Amino acid sequence: MESYLVYALARVALGFFRSLPRASAVRLLELLAALCYLIDSRHRHIARVNLKIAFPDLSRGQRDTIARKSFKNTAHNLLEISRLTQLTPQSVSLLVTYDPDFGLNNFEAARRQGKGILYITGHFSAWELLPTAHALYGHPLSFVTRPLDNPLLERYLLHIREAAGNRVISRKHSARHILETLKGAGSVGILMDQNTDPQQDGIFSDFFGVPAATTSSVALFALRTGVPVLPGYLTSTTDGHYAIKFLPPLDVEDTGDKEHDLKINTCRFNRVMEGIIREQPESWLWGHRRWWYQPPGNPPNLYSLSEKELDTFLLRRRSKMVSG
């Protein structure tokens, strides 16, 4: 009964925001996001810790401004989810275009290799809009998601995500499907900017100078298949529209030493993700506990440290990096 109630409320909310004029929906959602920032102390604290880790040289006020904008960005993503099924190949260009300098040129460079494409992306801007828009331009792909706990809502979201011709691969037992798709010259997208259990496929790799448990699966799939790795993400334009950006395709380092190759390539991918976040910090999902797991020797829970303890830890990390 509870699952059905949550599903029904979600359907009503998405339908409501879909029915509003875009400008009105944006204003209302931004107001709700600002309210959430005030009352959701848990995610506000997580965002503040994350921003302290990533941008320790910014003032508290500057970091809080980024956090508030990040909450609003999440609201924009919800708006785009509510309208994904309304987009068509004829209308998508009114909302989303390719960046003229970092767009189709890099996508075509990856495709000319004649293999599949392994997209890496993160929770940037309206991240749910990215695969739908790319598919409506004629480039469908498969992408990996973690199923929701609510089966009714998961089924509905699956319908939305696959409406433009994409295919969703459940994160559970996904390896075989991903490898088959890539070896068949298909394309797969993976979100790789979230905390990953080291007991599964996570390895510790520096992210903004602090170890973060990061999926090694991207490096593993690239090494197994030889496909190019293509970083892609959305940026928001000043007029409320979006641009699809693709960075130049990445070749993976393959020395034959599996452990070394997984580590060095995952580190490289993390640096790419970090660069994208630095480019548009307000567009990233700062309310996620990205540094939840820590290796032995580090505080086991960075999110429980006092501000002074966190400052001391970060200072020690920076000193270690400077000294080599």
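See above for the structure.
Attention in this report is confined to the structure presented alongside it. Model, not experiment: these values are computed from the prediction. (Residues numbered from 1 in each chain as written. Predicted model: local features only at pLDDT ≥ 70, side-chain atom pairs only at ≥ 80, totals over all residues. Heavy atoms only, no water.)

It is worth spelling out the packing of aromatic side chains at this point. Applying the stated criterion to the full structure yields 17 aromatic pairs. By way of ring pairs, the aromatic residues Phe55, Phe207, Phe208, Trp284, Trp286 and Trp291 are connected into one cluster. One residue, Arg44, lies across the ring of Tyr37, its end atom 5.9 Å from the ring centre. For the cation-ring pair, Arg289 lies above Trp292, with the distance from its terminal atom to the ring centre recorded as 3.9 Å. (Phe/Tyr/Trp six-rings, centres within 6.5 Å; stacked < 30°, edge-to-face > 60°. Lys NZ or Arg CZ within 6 Å of the ring centre and 35° of its normal.)

Scanning all chains against the criterion turns up 13 salt bridges. For the salt bridge of Arg60 with Asp64, the shortest nitrogen-to-oxygen distance reads 3.5 Å. Highlighted residues: Arg60 and Asp64, both in helix α4 (residues 60-83), separated by 4 residues, approximately one helical turn. A relative accessible area of 10% means that Asp64 is categorised as buried. Each of Arg48, Arg60, Asp64 and Glu307 takes part in a single network of salt bridges with overlapping partners. (Salt bridge = Lys/Arg side-chain N within 4 Å of Asp/Glu carboxyl O. Helix = DSSP H or I, 4+ residues; strand = E, 2+ residues; numbered from the N terminus. Buried < 20%, exposed > 50% of the residue type's maximum accessible area, 1.4 Å probe, protein only.)

Attention now moves to the side chain of Glu274. Secondary-structure assignment places Glu274 in helix α10 (residues 258-279). With near-sequence residues (within four places) excluded, Glu274 lies in contact with Phe207 and Phe208. (Contact = heavy atoms within 4.5 Å.)

Our focus in this paragraph is helix α6 (residues 129-136). Along α6, 8 of the 8 residues are buried, which leaves the element largely enclosed by surrounding structure. Along α6, the residues classified as buried are Leu129, Leu130, Pro131, Thr132, Ala133, His134, Ala135 and Leu136. Downstream of α6 by one or two residues, Gly138 has phi in the positive range, about 100 degrees.

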